[in-house]
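# Report on the structure
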Amino acid sequence: MNTAGLDTQPSADTYELEDLIPRAWAGLVRVPHFQRDFRWGSQDVLRLFDSIVRGYPIGSLLLWVRASPAERLTLGSLSIDAPESDGALWVVDGQQRITSLANSLHPEGSHHAPFIVYYDLIEQEFIGPPTHPSPHQIPVHVLFDLDKLLDWFDTTGKSAKEYFPIARQVAKRLRQFKIPVYLVKQEDQDVLTDIFDRMNNFGKRLSRAEIFSALFAGDEEGADDRLTISSIADQISEQTGFGTIDDDTVLHAILARRGPDPSREIRLEFDDERRRTKSDFPGEDRDTAFTEGRVALLRAVEFLQQTAGVPHLSMVSYKAMLVVFTRFFAHFPEPKERHLQLLRRIYWRVVLTGPAVFKGSFTSLARVLCSYIYPQDEQRSVRDLLGSMKTAAPYVPSSLKFRTNEAVAKIILCSWWELRPRSPFTGLPYDSHDLAEALSENNTAAPVVHWIYPRGVSQAQKFWAANRLFVPSSTDPANEFMMRFTQRPFDLDDVTWNAVLASYCLTETAVEKLRNARPEEFLAQRQHVINTQLENFLDRMAEWDHEDTPALHDLDFDDDTDGDDEWTELPDVTA
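Note that this is a predicted model, so its numbers are computed, not measured.

### Quick notes on the overall build of the chain
- For the chain, the count of helices and strands is 22 helices and 12 strands.
- Put simply, the chain has 575 residues, and 49% of those count as buried.
- In the chain, 71% of the contacts between residues at least 6 apart in sequence involve partners at least 24 apart.
- When the accessible area of the chain is evaluated, it comes to approximately 28,600 Å², of which 47% is carbon and sulfur surface.

Written out as structure tokens, the structure reads:
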């Protein structure tokens, strides 16, 4: 074991911003190559300044003290001629904060996003770049420089002089804010890299759902009876057998019900006056949002199971669609039968061709599709959801590679579930309860998918879908299935037995190859049947060649003011 470490423990100190930031501008604070990526957005920078003025702790800095040569360096949007120094400070931990402060407080750096920060003296809050700046909205780099601040109120802000005491107080808090600093003196860069890696990877970072839960936990009294994100997931799993949805997806579903952007800022979610976007349910409190969110998410799950042919979470190709359908069923809890059919098309078209339509990124899928769901207009919502996929073309994925954690395998599994696999021991079909029990709390379908030939076939055929057997049961021994297929039980008639074989994409010809120990020919025969079933399943689900029109009773045949059919012009999200 390598026990190399620090020769001496870090020394502790504090720096006021008016001392630390000028050091950064002078090139005496530098960022080592192993952490030069800047990841913060505008909201992160605004929250940093808000915390400083409020006197909240913003965390400590870990700085590496070392001799450094003269060089031209980049810090955010700043380009700095750094001098040679015997004690330059290299940022091991705190780069996002240092970079944000050094740029936002600099006259030049503050011209570039995300470092454009103003302070609104009337609202007494930090804001991004205003469309038309007012005299009472001051750039933070002006606040940070006392001479510039005085000049501001003599010129640009002359009409806002009554707010000078507020500006002076904010400026003082900025300049004199103290940041705890640990200084490390160490020549070995590998040790510093190790420290950086440990600080950024030890422990589990809070997820978005954990942050939301902490922000809106409510009082201790009654906490045991209050719905939480995790309890919503548990209740839906217990009620449907669908599996336990992860906390972040549950949170996004709750947020999508209340507004079209589930990735929005969460800290002001229940503050109707201060939140940036209007809620679909103004005045709603946290507990009501959780209760109604649970109901809508449950409807979304039941739709996938009962209409879209997706029995379990492990077979959902993109969980973002759960978020989208939660929003839809929140606003339209009992949609028309025709619209349910069209929603099924939407799901499968997105699953099959979404990566192409959405440019390979599903991070924005929920946000884009949720924006096409309009409260109190069910028909338009269905129309525009379909319209988002109007550039998609019919597509059947390849079944030559089957991995249970990949989207293609999940699609194939849904096509197998449609066949309702039957027990080769009793001839009876397995049901959703059997599947849920077999999968238990697993997030993938691995426990119910078994190798037929783990060895003895070509490397290519080994990974074919034909070499996997879907057994949605925790009681019947999966390792005996293949032998059973070659020996029909005496108590099962021909009709039942043929139904058993068909439920596993098996034919008598394929079974004959199995009996004669001809595995490659068996797999080839079965692969053909699997491909045919997959193609037919997807054709039924996506219905590419069908007319995407609403229910007849939704069409207004009397209103012909412009002669246009609103279903012919659909929105284009690919532009």
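### Quick notes on the nonpolar core
- The biggest cluster of nonpolar side chains holds 111 residues, and the ones touching the most others in it are L304, Y347, W348 and F485.
- Counting residues per element, this core draws most heavily on helix α13 (residues 337–357), at 10 residues.
- Counting 48 residues, the second largest nonpolar core, distinct from the first, contains V65, L101, A102 and L143.

### Notes on the sheet that holds strand β8 (residues 125–127)
- The three strands are arranged β8-β7-β9 in an open sheet whose pairing can be described as antiparallel. This sheet does not close on itself; its edge strands, each paired only once, are β8 and β9 (137–139). Going across the sheet, the axis of each strand differs from the next one's by a mean of 35°, ignoring polarity.
- Judged from the three bridges that link them, strand β7 (residues 118–120) and β9 form a sheet pairing that is antiparallel. Residue Y118 lies in a different strand from β9, and its bridge partner there is P139.

### Concerning the pattern of salt bridges
- Going through the model one piece at a time under the given rule, you end up with 32 salt bridges.
- In this structure, R72 engages D81 in a salt bridge whose closest nitrogen and oxygen atoms are separated by 2.6 Å.
- Accessibility expressed as a relative area gives 54% for R72, which makes it exposed.
- A salt bridge links E543 to R344; its shortest N-O distance comes to 3.5 Å. Of this pair, E543 sits in the segment after α22 (519–542) while R344 sits in helix α13, and the two are 199 residues apart along the sequence.
- Overlapping salt bridges bring together R257, R258, R264, E269, R275 and E284 as one network.

### Looking at the sheet that holds strand β2 (residues 29–30)
- Read from one edge to the other, the open sheet built from five strands follows the order β1-β10-β3-β6-β2, with strand pairing classed as mixed. The sheet is open, and its two borders are formed by β1 (11–16) and β2, each paired with just one other strand.
- Bridge count for β1 against strand β10 (residues 178–185) is six bridges, and the pairing is antiparallel. Opposite Y15, over in β10, you have I179 as the bridge partner.
- Relative to strand β6 (residues 85–93), helix α3 (residues 95–104) is tilted by about 115°, and along the sheet it contacts β2, β3 (61–68), β6 and β10.

### Looking at the confidence of the model for the chain
- Mean pLDDT over the chain: 87, with 88% of residues reaching 70 or higher.
- Counted against residues more than four places away or in other chains, residues 555–575, with its pLDDT under 50, gives 28 contacts.

### Some points on unusual backbone geometry
- Omega for the bond connecting A113 with P114 falls within 30 degrees of zero, at 5°, which places this linkage in the cis form.
- As for its placement among the helices and strands, P114 is situated in the loop between α3 and β7.
- A positive phi angle is found at Q376, which is not glycine, with a value near 70°.
- Mapping Q376 onto the fold places it in the loop between α14 (365–370) and α15 (378–387).
- Judged by relative accessible area, which is 81%, Q376 ranks as exposed.
- Notably, R420 is not glycine yet its phi reads approximately 50°, a positive angle.
- Looking at the secondary structure, you find R420 in the loop between α16 (407–418) and α17 (432–439).
- Take R420: its relative accessible area is 38%, and that puts it in the partly exposed class.

### Quick word on the side chain of R349
- Of note, R349 is situated in helix α13.
- A distance of 2.8 Å separates the side chain of R349 from the backbone oxygen of E543, its partner in a polar contact.
- Not counting residues within four places of it along the chain, the set of residues in contact with R349 comprises G354, L386, M389, A542, E543, W544 and D548.

### Remarks on helix α21 (residues 508–515)
- Those residues of α21 that fall on the buried side of the exposure criterion are A510, V511, K513 and L514. One side of α21 holds all its buried residues, which, seen down the axis, span an arc of 155°.
- Turning to α21, the residues buried within the fold contact α19 (481–485), α20 (494–502) and α22.
- Looking one or two residues beyond α21, the residue adopting positive phi is A517, at roughly 55°.

### Side note on the environment of Y453
- Position of Y453 among the secondary structure elements: in the loop between β11 (449–451) and α18 (459–462).
- The exposure class assigned to Y453 is buried, which follows from its relative accessible area of 16%.
- C-alpha separation for the pair Y453 and E520, spaced 67 residues apart in sequence, amounts to 9.7 Å.
- Ignoring any residue separated from it by four or fewer positions in sequence, one finds Y453 in contact with K462, N467, L514, P519, F522 and L523.

Calculation rules
Residues numbered from 1 in each chain as written. Predicted model: local features only at pLDDT ≥ 70, side-chain atom pairs only at ≥ 80, totals over all residues. Heavy atoms only, no water. Helix = DSSP H or I, 4+ residues; strand = E, 2+ residues; numbered from the N terminus. Buried < 20%, exposed > 50% of the residue type's maximum accessible area, 1.4 Å probe, protein only. Contact = heavy atoms within 4.5 Å. Areas by Shrake-Rupley, 256 points an atom, 1.4 Å probe, with all protein chains shown as cover. Core = buried A, V, L, I, M, F, W, Y, C linked by side-chain atoms within 4.5 Å. Pairing = 2+ DSSP bridges. Axes fitted to C-alpha atoms, helices over the stretch in contact; angles between N-to-C directions. Salt bridge = Lys/Arg side-chain N within 4 Å of Asp/Glu carboxyl O. pLDDT = per-residue confidence, 0-100. Polar contact = N/O pair within 3.5 Å; in protein donor to acceptor, adjacent residues only side chain to side chain. Arc of directions from axis to C-beta.

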